[in-house]
Amino acid sequence: DTGVSQDPRHKITKRGQNVTFRCDPISEHNRLYWYRQTLGQGPEFLTYFQNEAQLEKSRLLSDRFSAERPKGSFSTLEIQRTEQGDSAMYLCASSETGTDTQYFGPGTRLTVL
Amino acid sequence: GENVEQHPSTLSVQEGDSAVIKCTYSDSASNYFPWYKQELGKGPQLIIDIRSNVGEKKDQRIAVTLNKTAKHFSLHITETQPEDSAVYFCAAHSGAGSYQLTFGKGTKLSVIP
């Protein structure tokens, strides 16, 4: 069991640049979630996939954010024209269909200068 | 939407003592309540969860209680050890077709040897 993996673990970028993060869920987990966590806060839900279908999106997910899961396996989260307020830990989680338990990856720490 | 309040924000206990963290939720439709432990630089790790049809659940030194009427749930850690030091988050699952978790702001637990 390799768990949820995320890449990269750290990303430093300049304001205005685009960044993309990758998440590989636990094998055979149909559901995949993205959360954002800022310093001193709990994770906040961004979006959720059931296989390749994006079924829920938070109002936190502005039009600069886009997420995909093209083949129902790994997912990518892209942030365009990054802003300093985007600096946060981006967490990915996965779960099996029919269960509520979400398993989190180690996260990608984004710093926007 | 769901709102989860968590107290206290920080908690210090002597090794061997018990620790209790409390959370309240707002949405009476919520039916799943996990607790996560997060160590510095890592993703949240599920430690225990409870569903709304159960009042209490125990796993070795960790227990969770749920009071649906009052809409609150608590985490109890007995015989604390230094390795229990971390940030603990409660969360609630909104149910009603939504799979997002709403998290509390976290409790930083310090176990003093």
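Only a predicted model underlies this, so the values are computations on that prediction, with no experimental measurement involved.

> Describe the sheet that holds strand β6 (residues 56-59) of chain B, and please don't skip the residues or the numbers.
Pairing between sheet strands relies on hydrogen bonds along the backbone, with the strands arranged either parallel or antiparallel. All names here are of chain B. Pairing in this open sheet of five strands is antiparallel, and the strands run β1-β3-β8-β7-β6 from one edge to the other. Only two strands of the sheet have a single neighbouring strand rather than two, namely β1 (4-7) and β6. Across the sheet, the mean angle separating the axes of adjacent strands is 15 degrees when strand polarity is ignored. Pairing between β1 and strand β3 (residues 19-25): four bridges, direction antiparallel. Within the sheet, the bridge partner assigned to Gln6 lies in β3 and is Cys23.

> Break down the sheet that holds strand β3 (residues 19-24) of chain A for me, citing the residues and quoting the values.
Residues and elements named next belong to chain A. Taken in spatial order, the four strands line up as β1-β3-β8-β7 in an open sheet, and their pairing is antiparallel. Each edge of the open sheet carries a strand with a single partner, namely β1 (5-7) and β7 (65-68). Shown here is a sheet whose adjacent strand axes are inclined to one another by a mean of 15 degrees, direction ignored. Two elements, β1 and β3, share three bridges in a ladder whose sense is antiparallel. Counted as the bridge partner of Gln6 is Cys23 from β3.

> Hey, could you go over the interface of chain A and chain B for me, with residue numbers and the actual values?
Residue-level contacts link 19 residues of chain A with 20 residues of chain B. Both sides of the chain A and chain B interface together cover about 1600 Å² of buried area, and 50% of this is carbon and sulfur. Considering only the side of chain A, the residues that lose the most area to chain B are Glu56, Asp100 and Phe104 of chain A, jointly responsible for 30% of the buried surface there. Counting across the interface, chain A meets chain B through one salt bridge. Arg51 of chain B is the partner of Asp100 of chain A in a salt bridge, and the nearest nitrogen-oxygen pair spans 2.5 Å. Seen at the junction of chain A and chain B, the total is eleven residue pairs in polar contact (both at pLDDT 80 or more). Of all the secondary structure elements, the ones that give two or more residues to the side of chain A that touches chain B are β4 (31-37) and β5 (44-50) of chain A. No other element matches the four residues that β4 of chain A contributes to the side of chain A that touches chain B. When grouped by side-chain class, the residues that make up the side of chain A that touches chain B number eight nonpolar, seven polar and four charged.

> So what's going on with the pattern of salt bridges? Residues and values would help.
For the structure on display, the rule yields eight salt bridges over all chains. Two residues, Glu39 of chain B and Lys42 of chain B, come together in a salt bridge whose shortest N-O distance is 3.4 Å. Judged by relative accessible area, Glu39 of chain B falls into the partly exposed class, the value being 30%. Assessed through its relative accessible area of 47%, Lys42 of chain B is described here as partly exposed. In the salt-bridge network here, residues are joined through shared partners; they are Arg64, Glu83 and Asp86 of chain A.

The rules behind these values
- Residues numbered from 1 in each chain as written.
- Chains lettered and ligands numbered in written order.
- Predicted model: local features only at pLDDT ≥ 70, side-chain atom pairs only at ≥ 80, totals over all residues.
- Heavy atoms only, no water.
- Pairing = 2+ DSSP bridges.
- Helix = DSSP H or I, 4+ residues; strand = E, 2+ residues; numbered from the N terminus.
- Axes fitted to C-alpha atoms, helices over the stretch in contact; angles between N-to-C directions.
- Contact = heavy atoms within 4.5 Å.
- Buried area = accessible area lost by both parts, 1.4 Å probe.
- Salt bridge = Lys/Arg side-chain N within 4 Å of Asp/Glu carboxyl O.
- Polar contact = N/O pair within 3.5 Å; in protein donor to acceptor, adjacent residues only side chain to side chain.
- Nonpolar A, V, L, I, M, F, W, Y, C, P; charged D, E, K, R; others polar.
- Buried < 20%, exposed > 50% of the residue type's maximum accessible area, 1.4 Å probe, protein only.

Take it as geometry only, folks, not as evidence of what the structure does.
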